[in-house]
Amino acid sequence: MIELRHLTKLYGDTVAVDDLSIQVPDGEFLVLLGGSGCGKTTTLKMVNRLIEPSGGSVWIDGRDSAELVPFELRRKIGYTFQQVGLFPHMTVAENIAVTPTLLGWSPRKIQNRVSELLELVGLDSRELRERNPTQLSGGQQQRIGVARALAAKPRVMLLDEPFGALDPLTRQRLQKFLARLRHELSLTIVFVTHDIAEALKLADRIAIMQKGTLRQIGTPAALMLDPADDYVRQLLDAPRQEAQLVETLVTGNSSSSENIERDK
Amino acid sequence: MKEQLALLPSYLTSHVQLTLLALLCSTAVSLPLGLVVTRVKWLERPVLALAAIIQTVPSLALLAIMVPLLATFNFQSIGFLPAFIGLTLYGILPILRNTVTGIANVDPALLDAAKAVGMTPSQQLYRVELPIAMPVIIAGLRTATAWTVGVATLSTPVGATSLGNYIFSGLQTRNHTSVLIGCVAAAILALVLDGLVRGLEISVRKRQLRQFFGLIAALGTLYLYLGFNLATTVFLPSIRPVTIGAKGFTEQYILAEILGQWIENETGRPSTQMQSLGSMVAFDALVAGDVDAYVDYTGTLWSNVMGRPTVGGNRTNVLAEVRTFLASQHGIQIAATLGFENAYAVAARAPDAETLGLTKISDLIPLGNTLSMGGDFEFFSRPEWRSIQDIYGLTFQEQRTMDAALMYQAAASGAVDLISAYTTDGRISAYNLRVLEDDRFAIPPYDAVILVSEQAMRRWPDVFEAISALNGTIDVEAMREMNLAVDEEGIAPERVAASYLAKLRTSQSPDITELNKPPPSPAR
């Protein structure tokens, strides 16, 4: 269980995250959703202390994370982000093995784990393990990023727009893969995105943020049926409008295109 | 060529020793400094600026300034140490700058990733930042290697043997083979060392452990050998030979050879030379005891060491005053007066002098504004020049500073009308120049004197005695002939010296001048 208690982050006079409190029960897939600069990434990075909070606290499994040594905390939490950040001077296998190596696992155990993980993320171990990560496609790189995050068997995973830079088809494949994976491993996940469709597809619950504050939190269905305010309603309506626009362009139905004009 | 190549092992060893030890130190200083600077942001600008300032000091000046600086703190101020420190400073900037750039250019996403997978700050540095910045840092090391090998040739004038010995003496004695050997050897050395560093980088990147450890072992052995070599020279000074100093021009090379060969012959003690020293470096080296004896000139000592602004009267008086000053201030003895003067003189092309009716400097007064004058590197800042200007009221249309070896040719070819010639230079007649008489006595006397340090005198009384026997043995004509033999006929200084000494030993009564017997040494 992850608990954010009155979490606040200030940069000078600017409030990036303002008194945010959320509970994420074990095994839940929570999506932090919002536009650019709403504070969702800052919030995520405060969970594994890549950013230190200005106020409030993060509790993980009943312990205040501020009392843990940062690097020890991070070894227990998987983290994946849009740029992936695979180390270019290491092979694929070494990238995946990095956290177990830091934890001092035996070489044999590490090798077995790497094979296991490559299989788990659907990549050919024999073909890829000694390759340089820069030789791989974006989709393959992100799968390896996920494998690296899962290497030391964390129970919690943080993902920061992990599929944002991928082409739509690859993105859909990886979304399905993640949806399956989290059930297989019963992970607790906090997932940051601004892609509403992605949030609706993956989330158990969605937390909608704006200007550092929580606007509404709930299941996708609950949010769609009962948006708390105009901002939430418009935001969640965006994919549908986009779909309508696409349809208009295909069928030439002008009435719905006028609707879109009026809504703007 | 053969004679020159025989010197290669000793020159090359010293050069490699200087280069590699300096590079090791530059790296040991700049790599950690670079890392500190990337961690403590506000240090970056001042540290890089300081390194850049050091770099803008001309390399020769950087090495030369180490001499008085080290002397101030009572360190060995001539030879290995000043060259080593200068080179180390010179190698810092490229490595430092590339370390800072390399680390700063590591993708921030990778740093986030390194933190997120649970690395401690030092693990981030060793496992991610350094390996990723390594190619850039190595590139800096390679730049430093090439620079250091090149600049090390400039350590000759501060008394450290290097491949520069070929270049400096070759340029002065117009021995082009010697210059070429020095340049080619330095270039090959630079390529070899660069290849070594490159090999290291490739073996690290491709993880060829055997190749890596092979190269490290080779380098390690080299360092051990050099370190041992250095240790023996530093810690076993008892086996030290008599060290003869020579400034960087032909006459000095010849006289140093004469001194060395004479001492070896008379006392059986081995001698060695520190060649191509700067004018003041030679004197400082004598004071510090790094050089035991060398030939200087009374006029030079008068103005440079004693700091007298005025021209000091006749030869006898100047000599007496210089002798007293050196003995009382520095414990240095004038062991012998060689019997010739190497003074500055104003020389013009002989045919021009004929047509214009020039025989003395005062004849120039009506022509001054239409003439150009060439001088060696120090002439126009020397008191002689001020004195000529004051006493004759001369100003020239143009004054050009040039290398002494090129000055005579410049006058002969008409590039300048007058030059500051040296009276013993054989090229005055060889290039058909005429010395103009100093009819108003503006130029001080420049008697060649052999100086011996206090330390050497105490250590080797026999050496002092042998040197004293050279009193009055070389007159102006003899010196001019010897200079010409080296400068124009391309005969090696050691051979010219040997044949002169042979002649000297057979002639029972060497030419004695009126300056002969020195008065008894002042009591100390």
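Rules used throughout
Throughout, residues of each chain are indexed from 1 in the direction in which the sequence is written. By the order in which they are written, chains take letters starting at A while ligands take numbers starting at 1. Residues qualify for local features only when their pLDDT is at least 70, as the model is predicted, and side-chain atom pairs are given and counted only at 80 or more; totals for whole chains, interfaces and linings, by contrast, use all residues. Note that water and hydrogens are dropped before the side-chain values are worked out from all heavy atoms of the structure. Domain start and stop points were drawn from an automatic or database domain assignment. What makes two residues a contact is simply this: any of their non-hydrogen atoms within 4.5 Å. Buried area is calculated as the accessible area (1.4 Å probe) missing from two parts once they are joined, with the contributions of both summed. Any Lys or Arg side-chain nitrogen located within 4 Å of an Asp or Glu carboxyl oxygen qualifies as a salt bridge. Only strands that DSSP links by at least two bridges are regarded as paired with each other. Runs of H or I in DSSP of at least four residues are treated as helices and runs of E of at least two as strands, each being numbered from the N terminus. Here, axes are lines fitted to C-alpha atoms. For helices the fit covers the stretch in contact, and angles between N-to-C directions go from 0 to 180 degrees. Expected span of a helix, by definition, is 1.5 Å for each gap between consecutive residues, and there is one gap fewer than residues. Three labels apply to residues, based on accessible area from a 1.4 Å probe with only protein chains included: buried if under 20% of the type maximum, exposed if over 50%, partly exposed otherwise in between. Planes of paired rings set the category: under 30 degrees apart is stacked, over 60 is edge-to-face and the rest tilted, where pairs are Phe, Tyr or Trp rings (Trp by its six-membered ring) whose centres lie within 6.5 Å. For a Lys NZ or an Arg CZ to count as sitting over a ring, it must be within 6 Å of the ring centre and within 35 degrees of the ring normal. Patch criteria: residues need more than 30% relative accessible area and no salt bridge. Like-charged residues are merged within 9 Å; nonpolar side chains of Val, Leu, Ile, Met, Phe, Trp and Tyr are merged within 5 Å. Per-residue and other accessible areas follow the Shrake-Rupley method at a 1.4 Å probe size, with only the shown protein chains counted as cover for residues. In the analysis that follows, any N or O atom pair within 3.5 Å is treated as a polar contact, provided that within protein one partner can donate a hydrogen and the other can accept it, and provided that, for residues neighboring in sequence, both atoms belong to side chains. Residues were grouped as follows: Ala, Val, Leu, Ile, Met, Phe, Trp, Tyr, Cys and Pro as nonpolar; Asp, Glu, Lys and Arg as charged; and all remaining residues, including Gly, as polar. Per-residue confidence from the predictor is given as pLDDT, running between 0 and 100. Left-handed describes a crossing whose near helix is turned anticlockwise from the far helix through less than a right angle; right-handed describes the clockwise counterpart.

Residue and element names in this part refer to chain B. Per the domain assignment, the segments making up chain B are domain 1 (2-235), domain 2 (242-342 + 446-507) and domain 3 (344-436). Inter-centroid distance (C-alpha atoms) of domain 2 to domain 3 is 26 Å. Listed as interface residues are 18 residues of domain 2 and, on the opposing side, 14 residues of domain 3. Overall, the association of domain 2 and domain 3 removes approximately 1200 Å² of surface from exposure, summing both partners, and the carbon and sulfur fraction of that is 47%. If you sort the residues of domain 2 by the area they bury against domain 3, N342, Y446 and R480 come out on top, with a joint share of 37%. Taken together, domain 2 and domain 3 are joined by 1 salt bridge.

This part covers the sheet that holds strand β5 (residues 344-349) of chain B. Paired through their backbone hydrogen bonds, the strands of a sheet run either parallel or antiparallel. Residues and elements named next belong to chain B. Read from one edge to the other, the open sheet built from 5 strands follows the order β7-β6-β8-β5-β9, with strand pairing classed as mixed. Two strands in the sheet have a free side with no partner beyond their single neighbour: β7 (398-401) and β9 (433-436). For this sheet, the mean angle separating the axes of adjacent strands, direction not counted, is 35°. The sheet contact formed by strand β6 (residues 372-375) and strand β8 (residues 418-422) spans 2 bridges and is parallel.

Here we come to helix α21 (residues 476-487) of chain B. Residues and elements named next belong to chain B. Along its 12 residues, α21 runs 16 Å from first to last C-alpha, staying within 8% of the 16 Å computed at 1.5 Å per residue. By the burial criterion, the buried members of α21 are A478, M479, M482, N483, A485, V486 and D487. Looking at the buried positions of α21, the neighbouring elements they touch are α8 (164-172), α11 (250-267), β4 (333-341), α18 (427-430) and α22 (493-506).

Before going further, it helps to spend a moment on the pattern of salt bridges. Residue and element names in this part refer to chain B. For the structure shown, the criterion picks out 28 salt bridges over all chains. The salt bridge involving D296 is made with K247; its shortest N-O contact spans 2.9 Å. One end of the pair, D296, is in strand β3 (residues 293-297); the other, K247, is in strand β1 (residues 242-247), with 49 residues separating them in the sequence. With relative accessibility at 2%, the residue D296 sits in the buried group. Overall, the relative accessible area of 4% leaves K247 in the buried class. Among the ionic pairs, D425 bridges to R427, the shortest N-O distance being 3.1 Å. Judged by its relative accessible area of 5%, D425 is buried. Taken together, the shared-partner salt bridges in this structure form one network comprising R315, E341 and D447.

All names here are of chain A. Ordered in space as β2-β1-β4-β5, the 4 strands form an open sheet in which the pairing is antiparallel. One side of each edge strand has no neighbouring strand; the edge strands of this open sheet are β2 (14-24) and β5 (63-64). The sheet contact formed by strand β1 (residues 2-11) and strand β4 (residues 55-60) spans 5 bridges and is antiparallel. Residue pairing across strands places L4 opposite V58, the latter belonging to β4. Its contacts with the sheet put helix α1 (residues 40-47) on β1, β2 and β4, and the angle it makes with β1 is roughly 120°.

Residues and elements named next belong to chain B. Applying the stated criterion to the full structure yields 16 aromatic pairs over all chains. The interplanar angle of 50° and the centroid separation of 5.6 Å between the aromatic rings of Y344 and Y422 together place this pair among those described as tilted. Within this pair, whereas Y344 is found in strand β5, its partner Y422 is found in strand β8, the two being separated by 78 residues in sequence. What makes Y422 buried here is its relative accessible area of 16%. By way of ring pairs, the aromatic residues F249, Y297, Y344, F379, F380, W385, F396, Y422 and Y446 are connected into one cluster. Positioned above the aromatic ring of W302 is the side chain of R308, whose terminal nitrogen or guanidinium carbon lies 4.8 Å from the ring centre. It is R459 that lies over the ring of W460; its NZ or CZ is 4.9 Å from the centre.

Residues and elements named next belong to chain A. Side chains of L245, V246, L249 and V250 sit close together on the surface and give an oily, nonpolar patch of about 410 Å² of accessible area. The topology assignment puts L245 in helix α11 (residues 230-251). Here L245 falls in the partly exposed class, since its relative accessible area comes to 39%.

All names here are of chain B. Counted residue by residue, β3 has 5 buried out of 5 residues, so it is predominantly covered. On β3, burial covers both faces: A293, V295 and Y297 on one face and Y294 and D296 on the other are all buried. Both β3 and strand β10 (residues 447-452) contribute to a ladder of 5 bridges, which runs antiparallel. Paired with A293 across the two strands is V452, which belongs to β10.

It is worth spelling out the interface of chain A and chain B at this point. Residue-level contacts link 22 residues of chain A with 17 residues of chain B. Each partner contributes to the roughly 1600 Å² buried at the junction of chain A and chain B, and carbon and sulfur atoms together form 65% of this total. In terms of surface lost to chain B, no three residues of chain A exceed A:F87, A:H89 and A:L102, which account for 32% of the buried area on that side. Our count for the contact surface shared by chain A and chain B stands at 1 salt bridge. Between B:D112 and A:K45 there is a salt bridge whose closest N-O contact spans 3.0 Å. Inspection of the region where chain A meets chain B yields 5 residue pairs in polar contact (both at pLDDT 80 or more). Broken down by secondary-structure element, the contributors of at least two residues to the side of chain A that touches chain B are α2 (70-75), β6 (77-81) and α4 (98-103) of chain A. Among the elements that make up the side of chain A that touches chain B, the one with the highest residue count is α4(A) (4 residues). Across the side of chain A that touches chain B, the residue classes break down as 11 nonpolar, 6 polar and 5 charged.

In the predicted model, chain A carries a mean pLDDT of 91, and 95% of its residues have values of at least 70. For the stretch residues 260-264 of chain A, pLDDT sits under 50, and the model shows 3 contacts to residues farther than four places along the chain or on other chains.

Moving on, we get to the packing of helix α2 (residues 8-39) of chain B against helix α5 (residues 80-104) of chain B. All names here are of chain B. Two elements in contact, α2 and α5, have axes whose closest approach is 6 Å; the angle formed by their N-to-C orientations is 40°. Viewed along their axes, α2 and α5 form a crossing whose handedness is right-handed. Tallied by class, the residues present in the contact of α2 with α5 amount to 18 nonpolar, 9 polar and 1 charged.

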